[in-house]
Amino acid sequence: MSDKILTWKDIIYFAVNGNPTPDSRVEKTSKEWAAILTSEQFRITREKGTERPNSGALCSVYDAGKYKCVCCGTPLFDSTIKFSSGTGWPSFTQPIKENAIQYEKDTTFGMVRVEVMCNTCDAHLGHVFPDGPEPSGLRYCINSASMILDTE
């Protein structure tokens, strides 16, 4: 994990001024993504969908490991920073690396939120909010279908 703890101020900075450069990029057409993802994974990651609360397979899983992007396999979150937020989605306090996640202002549904995506392949993951536990105060609210848990 990164030594620097990201804060809400950092998230807003990235959303307004641009995201950190990813280690690599993976780009595919919609047809190529559809060929390797389930219909639910495609709906969430490529069409910015959302799971129903408490419906995701990873909501109540707390096994040790790394949560990776279901599309490209990029490590996103470590199990040591997962917490039970009571919201119905897997929640984390920090990304595994500062440049693993990209941030974008989201004004859909009459709300102002910050969308989080995989910085390697642009997969929609969920949103980040400033109501998480210390020390970061962040809550990354992530769809289970956008991640796989690698327990090795």
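Data block above holds the structure.
Each chain carries its own residue numbering, running from 1 in the direction its sequence is written. At least 70 in pLDDT is required for a residue's local features to be given in this predicted model, at least 80 for side-chain atom pairs to be given and counted, and no such filter applies to totals for whole chains, interfaces and linings, which use all residues. Each side-chain value is derived from all of the structure's non-hydrogen atoms; neither hydrogens nor water enter the calculation.

Peer 1: Could you give an account of the sheet that holds strand S8 (residues 139–142), with specific residues and numbers?
Peer 2: When DSSP finds two or more bridges between a pair of strands, those strands are recorded as paired. Secondary structure elements are defined from DSSP: runs of H or I of at least 4 residues count as helices, runs of E of at least 2 residues count as strands, and each element is numbered from the N terminus. If you walk across this open sheet you meet the 6 strands as S3-S4-S8-S7-S6-S5, and the pairing is antiparallel. Two strands close off the open sheet at either side, each with one partner strand: strand S3 (82–83) and strand S5 (101–106). By the bridge criterion, 2 bridges tie strand S4 (residues 91–92) to S8 in an arrangement that is antiparallel. Across the sheet, residue Phe 92 finds its bridge partner in S8, namely Tyr 140. In what follows, residue pairs with any heavy atoms lying within 4.5 Å of each other are defined as contacts. The angle between two axes is taken between their N-to-C directions and runs from 0 to 180 degrees, where each axis is a line fitted to C-alpha atoms and a helix contributes only its stretch in contact. Packing of helix H1 (residues 8–17) onto the sheet brings it into contact with S5, strand S6 (113–118), strand S7 (124–129) and S8, and relative to S5 it is tilted by some 75 degrees.

Peer 1: Lay out the state of the cysteines in plain terms, naming residues and giving numbers.
Peer 2: One way to say it: the disulfide is the covalent bond shared by the sulfur atoms of two cysteines. Cysteine sulfur pairs qualify as disulfides if the two atoms are within 2.5 Å. Within this structure, the stated rule accounts for 0 disulfides. Of the cysteine sulfurs around Cys 71, a residue in no disulfide, the closest is that of Cys 69, at 4.4 Å. With no disulfide of its own, Cys 121 lies closest to Cys 69 among cysteine sulfurs, the gap being 3.6 Å. Judged by relative accessible area, Cys 121 falls into the buried class, the value being 2%. Burial classification: accessible surface area is computed with a 1.4 Å probe over protein chains only, and a residue below 20% of its type maximum counts as buried, one above 50% as exposed, and the rest as partly exposed.

Peer 1: Mind laying out unusual backbone geometry, listing which residues take part and the relevant values?
Peer 2: Trans peptide bonds make up the majority, and among non-glycine residues the majority have a negative phi. Of note, the bond from Glu 134 into Pro 135 is cis; its omega dihedral lies within 30 degrees of zero at 10 degrees. Relative to the elements of secondary structure, Pro 135 occurs in the loop between S7 and S8. In this structure, Lys 48 takes a positive phi of about 60 degrees despite not being glycine. Mapping Lys 48 onto the fold places it in the loop between helix H3 (39–45) and strand S1 (66–69). The partly exposed category is assigned to Lys 48, whose relative accessible area is 45%. One non-glycine residue with positive phi stands out, namely Asp 122, at about 70 degrees. Positionally, Asp 122 belongs in the loop between S6 and S7.

Peer 1: Report on the environment of Gly 73, specifying residues and quantitative values.
Peer 2: Residue position: Gly 73 is located in the loop between S1 and strand S2 (75–78). We classify Gly 73 as partly exposed; its relative accessible area is 29%. Remark: the alpha-carbon pair of Gly 73 and Asp 150, spanning 77 residues in sequence, is separated by 9.5 Å.

Peer 1: Provide a residue-level description of the pairing of S2, including the pertinent values.
Peer 2: As judged from the 3 bridges shared by S1 and S2, these two strands associate in the antiparallel manner. Residue Lys 68 lies in a different strand from S2, and its bridge partner there is Pro 75. Here S1 folds back onto S2 in antiparallel fashion, the turn holding 5 residues, of which Gly 73 has a positive phi close to 85 degrees.

Peer 1: Tell me about the pattern of salt bridges, and name the residues and values.
Peer 2: By definition here, a salt bridge exists when the distance from a side-chain nitrogen of Lys or Arg to a carboxyl oxygen of Asp or Glu is within 4 Å. Counted according to the given criterion, the structure contains 10 salt bridges. Across the salt bridge formed by Glu 27 and Arg 25, the nearest N and O atoms sit 3.5 Å from each other. Its relative accessible area of 39% is what places Arg 25 among the partly exposed residues. A salt bridge links Asp 131 to Arg 139; the shortest N-O distance between them is 2.8 Å.

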